[in-house]
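# Topology and contacts: notes
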Amino acid sequence: MPKIICLHTLTGEQAERIRQAAPAWELIHGKDKELWLDHLQDAEIVVGWNKSAEEVCLKKDSKLRWVQNWGAGVDKLPLGRLADRGAILTNASGVHAFPISETIYAMMLAFTRKLHLSVRHQLHSEWKGTGSLGEIHGKTIGIIGVGAIGEETARLAKAFGMKVLGVRRSGQPSGFVDAMHDLNGLAAVLQESDFVVVTLPLTDETRHMFGKAQFELMKPTAMYINIGRGGTTDTEALIEALRTGVIAGAGLDVFEQEPLPASSPLWQMENVIMTPHNSGSTEQYNERAFEILMRNLQDYLQGREPSVNRVDYGKQY
Ligand code: OXD
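Keep in mind it's a predicted model, so treat the numbers as computed, not measured. (Residues numbered from 1 in each chain as written. Predicted model: local features only at pLDDT ≥ 70, side-chain atom pairs only at ≥ 80, totals over all residues. Heavy atoms only, no water.)

Here we have seven strands laid out as an open sheet, ordered β8-β7-β6-β9-β10-β11-β12, and parallel in their pairing. The strands lining the two open edges of the sheet, one partner per strand, are β8 (179-181) and β12 (272-274). The mean angle between the axes of side-by-side strands here comes to 15°, regardless of whether they run parallel or antiparallel. Inspection of the sheet shows strand β7 (residues 163-167) paired to β8 by three bridges, in the parallel sense. Looking at β8, one finds that Leu165 is bridged to Ala179. Each of β10 (223-226), β11 (249-252) and β12 is contacted by helix α10 (residues 235-243), which is oriented at about 140° to β11, the strand it contacts most. (Pairing = 2+ DSSP bridges. Helix = DSSP H or I, 4+ residues; strand = E, 2+ residues; numbered from the N terminus. Axes fitted to C-alpha atoms, helices over the stretch in contact; angles between N-to-C directions. Contact = heavy atoms within 4.5 Å.)

Looking now at the pattern of salt bridges. Counted under the stated rule, the structure contains 15 salt bridges. Measuring nitrogen to oxygen at the nearest pair gives 2.8 Å for the salt bridge that ties Arg229 to Asp75. Residue Arg229 is found in the loop between β10 and α10, and its partner Asp75 is found in the loop between β4 (66-68) and α4 (79-84); the two are separated by 154 residues along the sequence. Overall, the relative accessible area of 19% leaves Arg229 in the buried class. (Salt bridge = Lys/Arg side-chain N within 4 Å of Asp/Glu carboxyl O. Buried < 20%, exposed > 50% of the residue type's maximum accessible area, 1.4 Å probe, protein only.)

What follows deals with the side chain of Asp253. Within the secondary structure, Asp253 sits in the loop between β11 and β12. One buried charge, Asp253, has no salt-bridge partner; the nearest side chain with opposite charge is Arg229, at 7.3 Å. Separated by 2.6 Å, the side chains of Asp253 and Thr275 make a polar contact. Excluding its chain neighbours within four sequence positions, the residues that come into contact with Asp253 are Met107, Asn226, Ile227, Glu258, Thr275, Pro276, His277, Asn278 and Ser279. (Lys, Arg positive; Asp, Glu negative; His and termini not counted. Polar contact = N/O pair within 3.5 Å; in protein donor to acceptor, adjacent residues only side chain to side chain.)

We now examine the site of the ligand. Around the ligand sit Gly71, Ala72, Gly73, His96, Arg229, His277 and Tyr285, and that is every residue in its neighbourhood. Between the ligand and His277, the relevant distance is 2.7 Å, taken from an oxygen atom to a side-chain nitrogen or oxygen of the residue. Here the ligand loses 79% of its free accessible area of 210 Å² to cover by the protein chains. Here the residues of the shell around the ligand sort into two nonpolar, four polar and one charged. (Near = heavy atom within 4 Å. Areas by Shrake-Rupley, 256 points an atom, 1.4 Å probe, with all protein chains shown as cover. Nonpolar A, V, L, I, M, F, W, Y, C, P; charged D, E, K, R; others polar.)

Geometric descriptors of this kind do not, in isolation, establish any biological role.
See the structure below:
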């Protein structure tokens, strides 16, 4: 019997849906290594990825043919080795559109309302003003790497009366983005935006895309938000830009080094709002990722290549 191994725990109902869709397959699922370690070698489909999968499934004689990643980012997967053995890789891109765009607004609203400063005062029972507040209404948001998260962020921006600029590789227009650019337009978008929101994956092309030169293009009143991958940003240059007032603030969910070391100056900076790479982790996550798996599984079982979120090894996302 061919095997599907899911390295995440499925609900009883989800497992049943897979068993009904694939009655000729053996399904093993769960977080506990003991459940699947002895079977990994025989798994044709692996859902999720971890160190054990890396050790076992990339061996020459393993049966691996398709990996459905449970997250959107694939920068931690051995893309070259998966490509070499001809394995199909799909990801969960799209699961984050609502939760992460909501985090982006949480950060922008907290920053303009100075909530992060008021919370510090609250901890000390201090009734203290924080100076005049800003508004996001009428401001310009520049979204760098417009995909599912960026499109939802653009849609919400319109409700706030914002102007929306976008940058994506193809430069292809998108409904709620007033002006979309390809990478040649990045500098102009950085110059014009009050909020620069980076939703990029980490690839060879995007590594350290934001450094000293890019921060210097931004307005001194601008806020930089990174919810994609920490490696797209030169952290030292960001800290310097925040320390010297080159930009006004940053909202960060992702970091070059995670967990962020206790010694990082970012922890202490008053113009930084941070979350521990959890902006996508809402209770709806698993059910959304599962629906992507099911759509791809239907394809696979009918002899077609999984069609949702096929990772392009050349582009690395
Ligand atoms: C992901 C993430 O890759 O949450 O899905 O970072």
